[in-house]
Amino acid sequence: MLDYVIRGATVFDGTGEAGTIADIGIKDGRIVAVGDVADTGSIELDAVGLMVMPGVIDPHTHYDAQLFWDPTASPSNLHGVTTIIGGNCGFTLAPVNSGDAGYISRMMAKVEGMPLVALEEGVPWNWESFGEYLGALEGNLGVNAGFLVGHCAIRRKVLGAERHSEVATDDEIKTMRALLADSLMSGGLGFSSSQSRTHSDGEGNPITSSFADEREMLAFCEEVSLHEGTTLEYITSGCLDSFSDDEIELMANMSKTANRPLNWNLLTVDSRTPEKIEHQLNASTVAAERGGRIIALSMPTLVPMNMSFRNHCALFLIPGWGEVMSLPVDERISKLRDPQVRATLNELARSKDAGVFRRLSGWGNYVIGDTFAAANKSFEWRDVDDIATELGKEPFDTLLDIVIADDLKTVIWPKPSDRDDASWALRAEVWQDPRVMVGGSDAGAHLDRMCGANYPTAFLGDCLRGRKLVPVEQAIRMMTSQPAELFGLTDRGVIREGAIADLMVFDPSTIASEPARLIEDLPGGSPRLFASSAGVVRVIIGGVETIVDGETTGALPGAILRSGRDTHTVTTA
Ligand SMILES: [Zn+2]
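Residues numbered from 1 in each chain as written. Predicted model: local features only at pLDDT ≥ 70, side-chain atom pairs only at ≥ 80, totals over all residues.

Peer 1: Give a detailed account of the overall build of the chain, specifying residues and quantitative values.
Peer 2: Tallying secondary structure elements over the chain gives 18 helices and 24 strands in all. When its C-alpha atoms are laid out on the principal axes, the chain stretches across 75 × 65 × 45 Å. Excluding contacts between residues fewer than 6 apart, the proportion of contacts in the chain whose partners are at least 24 apart in sequence is 75%. (Helix = DSSP H or I, 4+ residues; strand = E, 2+ residues; numbered from the N terminus. Contact = placed C-beta atoms within 7 Å.)

Shown next, in the form of structure tokens:
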């Protein structure tokens, strides 16, 4: 008698092989049979007409805090994610001195867009060491979770506030390195850091890791090289646009020193600047020549940032708009009603002086997301252009009338400018480049501005019924065995006898993501964007159902993935 048998589905094993019709038998959390399974299971799932794949491994999330108040890592779980990697970009909640929880919270709120109240009310902060942090999560997880050890946490713990902006002494480096060693030995999956100019802490100072010199960075990498099943993640200013030679040099050196792959994000692909792609990927080529290995993460979906006329966003930065947008909401609304003011704002946004902000002035191109007034309901998920034509008004007036009716709360979505066919064709090429891996959702971060967590179902739907840019078995490989191999996750990311039974069963005719909507369910009542899925029939983690027909079961079979125990070493070779 088996625990669970899935019968008659098209099985994609995660390696990129085409699907075949088979049964899957599960016992004690592992797959024990693939093919014709004669044994019966305590649970039998008739999956004829459905597809089965390994559970998705999301390589770049910031669920470090959320897992305390939401152990299911929603909404990733609804989209077939069974394993998340956290602790990215140097931002971890451990190791930490007991007095520094406030500082770390304010930094996380600032750099990763998590409401401070949620971090204060939803996180217990009852640890100091990295091992204690992992222990606080263990046994209460609805997904598998592995965590890198973050540079900012280590540096803050050793250098404190006083030496935040200093270059570390040899002694300090020694102490920090010992702290990293201790964190890796207690299960950390590797080392992560940000030296990006765009990251500043809650006080507005550049984050402490940005003051580290090469000695310090390489000392951490040397330590990583000594620990089984570890890896590197790093972001720097050039990730956003274009790496400098120095940045490439350092990244290559880090990877070589650690003898581990280094992944960075996010490689964006735009057909108007194809040369940028090769420039960024050249970092991988240079690293390979030096004995390192650099992998760029790139998303299979477009993840826009939303905007509003109520909360600070790029619209507030349009030259000349500050005077109106900085007013209290009531006064802002009365100004925005004034035809004279509207004409001036529109002119300013379209003028040469607006510079890069000029692209925000294509008012017809915004999609109306969540609305709040009853009169606006019928406008949701429609283009402003479309609504303007129907109402016989100018697009800018149409948009402003809608947001004013909502007390400025309307969520508006700029249509990405890189949604053209040529950009999609380039993306399909890029995903298959060995220097690239699909990922970079940033799930768990920027909670009310963007939602990248839904990429698995969106990508599958696009491959099966949409643009069909890559065969579905390739898309599945990119989201399962490929990240499992990069992180050295033992027995995960594939369907075969002996592998851990982390699976998604889905309906190929309906698999998709719903649009992202605001829900107010964070500790303290703050809003976040949340996308449900369609066509997800089952998600199974370690043989236990966590999703049934798109709904969470509440089961908590997730494991903490510890380096050396659940991972094996992947070198640069
Ligand atoms: Zn990140």
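Peer 1: Lay out the pairing of strand 23 (residues 544–548) in plain terms, naming residues and giving numbers.
Peer 2: By the bridge criterion, four bridges tie strand 22 (residues 536–541) to strand 23 in an arrangement that is antiparallel. The residue of strand 23 that forms the bridge with V539 is I547. Where strand 22 hands over to strand 23, the hairpin turn is made up of two residues, of which G542 adopts a positive phi near 55°. Both strand 23 and strand 24 (residues 551–552) contribute to a ladder of two bridges, which runs antiparallel. Bridging across to strand 24, I547 finds its partner in T552. Following strand 23, the chain reverses through two residues before pairing antiparallel with strand 24; D549 in that reversal takes a positive phi of roughly 50°. (Pairing = 2+ DSSP bridges.)

Peer 1: Let's hear about the sheet that holds strand 7 (residues 81–86): which residues, and what values?
Peer 2: On the basis of which strands lie adjacent, the open sheet formed by three strands has the order 6-7-8 and parallel pairing. The outermost strands of the open sheet, each flanked by one partner alone, are strand 6 (56–58) and strand 8 (144–147). Pairwise comparison of adjacent strand axes, ignoring direction, gives a mean angle of 15° for this sheet. When strand 7 meets strand 8, the two strands line up parallel, connected through four bridges. Looking across to strand 8, one finds that I84 is bridged to A145. (Axes fitted to C-alpha atoms, helices over the stretch in contact; angles between N-to-C directions.)

Peer 1: Could you give me a rundown of unusual backbone geometry, with the residues and numbers involved?
Peer 2: Cis geometry is adopted by the peptide bond preceding P95, which originates at A94 and carries an omega value of -5°. A cis amide bond links N265 with the next residue in sequence, L266, at an omega value of 15°. Inspection of the secondary structure puts L266 in the loop between strand 12 (262–265) and helix 9 (274–290). With a phi angle near 60°, D442 is a residue other than glycine that sits in the positive phi range. The residue D442 is located in the loop between strand 16 (436–438) and helix 16 (455–465) in this model. We note that D549 has phi near 50°; this positive angle belongs to a residue other than glycine. Mapping D549 onto the fold places it in the loop between strand 23 and strand 24. Overall, the presence of 9 C-beta atoms within 10 Å leaves D549 in the exposed class. (Buried ≥ 20, exposed ≤ 12 C-beta atoms within 10 Å, placed from the backbone.)

Peer 1: So, helix 15 (residues 421–431): which residues are in play, and what are the values?
Peer 2: Three or more residues of helix 15 are buried, namely R427, V430 and W431. All buried residues of helix 15 project into a common sector of 90° when viewed along the axis, lining one side. Buried residues in helix 15 make contact with helix 9, strand 13 (294–298), strand 16 and helix 17 (472–479). (Arc of directions from axis to C-beta.)

Peer 1: Tell me about the domain arrangement of the chain, and name the residues and values.
Peer 2: Under the domain assignment, the chain is made up of domain 1 (57–303 + 419–490) and domain 2 (314–414). Each of domain 1 and domain 2 was reduced to a C-alpha centroid, and the two centroids are 35 Å apart. (Domains from an automatic or database assignment.)

Peer 1: Tell me about the nonpolar core, and name the residues and values.
Peer 2: Of all hydrophobic cores here, the largest spans 143 residues; its most connected members are V52, A145, M251, A475, V505 and F506. Among all residues touching F506, those that are not within four sequence positions of it are L50, M51, G80, L460, I511, G535, V536 and V537. M307, V384, V411 and W413 belong to the second largest nonpolar core, which has 16 residues in total. (Core = buried A, V, L, I, M, F, W, Y, C linked by C-beta atoms within 7 Å.)

Peer 1: Lay out the packing of helix 7 (residues 214–225) against helix 8 (residues 245–258) with the relevant residues and their values.
Peer 2: The N-to-C vectors of helix 7 and helix 8 enclose an angle of 30°; their axes lie 7 Å apart at closest approach. Viewed along their axes, helix 7 and helix 8 adopt a mutual orientation that is roughly parallel. Taken as a pair, helix 7 and helix 8 cross one another with a handedness that is right-handed. Touching E214, M217, L218, C221, E222, V224 and S225 of helix 7 are L250, N253, M254, T257 and A258, all from helix 8. Each residue belonging to the contact of helix 7 with helix 8 can be placed in one class, and the counts come to seven nonpolar, three polar and two charged. (Parallel < 35°, antiparallel > 145°, perpendicular 65-115°, else oblique. Left-handed = near helix turned anticlockwise from the far one by under 90°. Nonpolar A, V, L, I, M, F, W, Y, C, P; charged D, E, K, R; others polar.)

Peer 1: Tell me what's going on with the environment of G35, and back it up with residues and numbers.
Peer 2: Inspection of the secondary structure assignment puts G35 in strand 3 (residues 30–35). Put simply, G35 and G25 are 10 residues apart on the chain and 8.7 Å apart in space, counted from C-alpha to C-alpha. Setting aside anything within four residues of it in sequence, one finds G35 in contact with A22 and D23.

Peer 1: Describe in detail the sheet that holds strand 11 (residues 231–236), supporting the description with residues and values.
Peer 2: The strands making up a sheet associate through hydrogen bonds between their backbones, and the pairing can be parallel or antiparallel. Strand order in the open sheet formed by six strands is 9-10-11-12-13-16, with parallel pairing between adjacent strands. Each end of this open sheet is capped by a strand with a single partner; those strands are strand 9 (149–150) and strand 16. The pairing of strand 10 (residues 190–195) with strand 11 spans six bridges and is classified as parallel. Following the sheet pairing, G190 is matched in strand 11 by T231. Taken strand by strand, helix 8 contacts strand 11, strand 12 and strand 13, and its axis lies near 170° from that of strand 11.

Peer 1: Give a detailed account of the pairing of strand 11, specifying residues and quantitative values.
Peer 2: Taking burial as the measure, the six residues of strand 11 include six buried ones, the bulk of the element. Residues T231, E233 and I235 line one face of strand 11 and the alternating positions L232, Y234 and T236 line the opposite face, and both faces are buried. Here strand 11 runs beside strand 12; their pairing, made up of two bridges, is parallel. The residue bridging E233 from the neighbouring strand is N263, located in strand 12. For the crossover from strand 11 across helix 8 to strand 12, the handedness is right-handed. (Right-handed = clockwise from strand over helix to strand, strands pointing away.)

Peer 1: Summarise helix 17; cite the residues concerned and give the values.
Peer 2: Counting buried positions along helix 17 gives seven out of eight residues, so the element sits mostly inside the fold. Among the residues making up helix 17, those that are buried are V472, E473, A475, I476, R477, M478 and M479.

Peer 1: Now, about the packing of helix 6 (residues 170–185) against helix 7: what can you tell me, with residues and values included?
Peer 2: Direction vectors running N to C along helix 6 and helix 7 enclose 30°, while the axes themselves pass 9 Å from each other. In the packing of helix 6 onto helix 7, the handedness of the crossing is right-handed. Along its contact with helix 6, which presents I173, R177, L180 and A181, the element helix 7 presents R215, E216, A219, F220 and E223. Looking at the contact of helix 6 with helix 7 residue by residue, the classes come out as five nonpolar, no polar and four charged.

Peer 1: Let's hear about the environment of T273: which residues, and what values?
Peer 2: Structurally, the position occupied by T273 is in the loop between strand 12 and helix 9. Distance in space between the C-alpha atoms of T273 and S423 is 9.5 Å, their sequence separation being 150 residues.

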